[in-house]
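Chains, contacts and geometry: an overview
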Amino acid sequence: MKIAVDAMGGDYAPEEVVLGAIEAVKAYKKYDVVLVGDAKEIRRVMTEYGTTESDRLSIVHAGEVIEMDEHPAQAIRKKKDASIVVATRLVKEGVCDAVVAPGSTGAAVTAALLGLGRIKGIERPCIATPIPSKKGVSILLDSGANSDSKPKHLVQAAIMGSHYAQHIFGIKEPNIGLLNIGAEASKGNELAQTTYPMLEQTKTISFYGNVEGRDITEGIVDVVVCDGFVGNIILKFGEGIALLIMQLVKDSIRNGGLLAKLGAMAVLPAFRHLRKRLDFTEYGGAPLLGIDGSFIICHGSSKAKTIRHAVRVAGELVEEDVVGHIRASIEEEEGQHNDCES
């Protein structure tokens, strides 16, 4: 299986992206990586890390890069040789099986939409982000692909999130929660109140009901759906809180004197476990669900560890045929809807 990686995307490209790709081919023997970008720069970094091109780690040259401050749609249409465009094209042409895209989320979403298209019946693709919870993990979607959503978009997000939780995280019957300001069905804005009965009537999911923000980390449900504006704020706030907690713990130990340092040494294994559970880089990236292909979006600040795990997640999406499962469920829902209308 070949995974195309945009080597020029993100704040630390190409060094960290290339290093992550090198680590990925060492860690995951069944996944090969195709680095897409400035071939000269990629080879320079590979040489620095003592690695050369091979059947498992190859390069496809792309002469342009889409910067973070560029308008995504305009840049994608103008820069036909941009690394993210070329990486997406490799999947469209069947050369690669999936894309890993660090860098501009807007550019990645646009490249996926124009290059691969949507699964038939899907109106809006969405980003599904794993968030640590007391019970393991909760899937939040949409976490940034669409700032404005309609009720049908949230219903389709619930279906896609259910398959992601089931086939990637092994949750047999994922339950779905609608993010709201209260548990009662009557709570929330017009979007939430309209979506609630639609989710109740959706046969291919297990709908729990409304959940509040604090319920995400409690693990009350396996999948939480909301519009991308709210989801992205939650995601970034959560990342900030996790980093703050770890920093406050470090500061308290550093400034707490000898006893604090000795106590920290005693609980060091527990701290390491906690840090791993709160570390979003462990999850690699977030899949863009609803696209007719496997597409992983990574944070702009992604480093090698994130890229390595993103390659793994991309491969798992292909192996578990998550796109195929989503397609079948959407067809089933559309069929049931047509039967009801007739």
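Residues numbered from 1 in each chain as written. Predicted model: local features only at pLDDT ≥ 70, side-chain atom pairs only at ≥ 80, totals over all residues. Heavy atoms only, no water.

Looking now at the overall build of the protein. Of regular secondary structure, the protein possesses 13 helices and 12 strands. By the compact-globule yardstick of 20 Å for 342 residues, the protein fits well, its C-alpha radius of gyration being 21 Å. Considering only contacts in the protein between residues 6 or more positions apart, those separated by 24 or more positions represent 73%. With the model as given, the accessible surface of the protein reaches about 16300 Å², and the carbon-plus-sulfur share is 53%. (Helix = DSSP H or I, 4+ residues; strand = E, 2+ residues; numbered from the N terminus. Rg over C-alpha atoms; globule rule 2.2 N^0.38 Å. Contact = heavy atoms within 4.5 Å. Areas by Shrake-Rupley, 256 points an atom, 1.4 Å probe, with all protein chains shown as cover.)

We note that the domain assignment places domain 1 (1-122 + 290-341) and domain 2 (127-244) within the protein. If you average the C-alpha positions of domain 1 and of domain 2, the two centres end up 24 Å apart. Residue-level contacts link 20 residues of domain 1 with 14 residues of domain 2. Viewed at the interface, domain 2 and domain 1 are joined by zero salt bridges. Its residues placed into classes, the side of domain 1 that touches domain 2 shows eight nonpolar, seven polar and five charged. (Domains from an automatic or database assignment. Salt bridge = Lys/Arg side-chain N within 4 Å of Asp/Glu carboxyl O. Nonpolar A, V, L, I, M, F, W, Y, C, P; charged D, E, K, R; others polar.)

A cis amide bond, omega -5°, links Ala13 with the succeeding residue Pro14. Here Pro14 is to be found in the loop between β1 (2-6) and α1 (15-27). Of note, the bond from Leu141 into Asp142 is cis; its omega dihedral lies within 30 degrees of zero at 10°. For Asp321, which is not glycine, the phi dihedral falls at a positive 50°. Mapping Asp321 onto the fold places it in the loop between α12 (304-319) and α13 (322-341). Taking the relative accessible area as the measure of exposure, Asp321 reaches 44% and is therefore partly exposed. (Buried < 20%, exposed > 50% of the residue type's maximum accessible area, 1.4 Å probe, protein only.)

Glancing now at the side chain of Thr110. Here Thr110 lies in helix α5 (residues 105-115). Only 2.8 Å separates the side chain of Thr110 from the backbone oxygen of Gly106, close enough to count as a polar contact. Among all residues touching Thr110, those that are not within four sequence positions of it are Pro72, Ala73 and Ile76. (Polar contact = N/O pair within 3.5 Å; in protein donor to acceptor, adjacent residues only side chain to side chain.)

Packing of helix α9 (residues 228-254) against helix α10 (residues 257-266) leaves a shortest axis separation of 7 Å and a crossing angle of 130°. Taken as axis vectors, α9 and α10 run oblique relative to one another. Of the residues in α10, those touching α9 at Ser252, Ile253 and Arg254 are Gly257, Ala260, Lys261 and Ala264. A class-by-class count of the residues in the contact of α9 with α10 yields three nonpolar, two polar and two charged. (Axes fitted to C-alpha atoms, helices over the stretch in contact; angles between N-to-C directions. Parallel < 35°, antiparallel > 145°, perpendicular 65-115°, else oblique.)

Let us now look at helix α7 (residues 190-200). Each α-helix turn comprises 3.6 residues. Residues three or four places apart therefore point the same way. Residues of α7 that are buried include every one of Leu191, Ala192, Thr195, Tyr196 and Leu199, and no others. End-on view of α7: buried residues confined to an arc of 130°, all on one side of the axis. Relative to its buried face, α7 has exposed residues pointing more than 90 degrees away, namely Glu190 and Glu200. For α7, the secondary structure elements touched by its buried residues are α6 (151-169), β8 (175-179), β9 (206-211) and β10 (223-225). (Arc of directions from axis to C-beta.)

With that settled, consider the side chain of Ser329. Among the secondary structure elements, Ser329 is positioned in helix α13. The contact partners of Ser329, leaving out residues within four places of it in the chain, are Ile159, His163 and Thr204.

This paragraph deals with the sheet that holds β10. Reading across the sheet, the five strands line up as β6-β7-β10-β8-β9 and stay open at both edges, with mixed pairing between neighbours. Every other strand in the sheet has two partners, leaving β6 (129-133) and β9 as the edge strands with one partner each. Each strand axis lies, on average, 30° off the axis of its neighbour in the sheet, ignoring direction. Two strands pair when backbone bridges link them, and β6 and strand β7 (residues 136-141) are joined in this way by five bridges, in the antiparallel orientation. Residue pairing in the sheet places Pro130 in a bridge with Ile139 of β7. (Pairing = 2+ DSSP bridges.)

The full count for this structure, using the stated rule, is three aromatic pairs. Residues Tyr28 and Tyr31 carry aromatic rings whose centres are separated by 6.2 Å and whose planes lie at 50° to one another, so their mutual orientation is tilted. On the basis of relative accessible area, Tyr28 is assigned to the buried category, the value being 15%. You can call Tyr31 buried: its relative accessible area is 2%. With a centroid separation of 5.1 Å and an interplanar angle of 75°, the aromatic rings of Tyr196 and Phe207 are classed as edge-to-face. (Phe/Tyr/Trp six-rings, centres within 6.5 Å; stacked < 30°, edge-to-face > 60°.)

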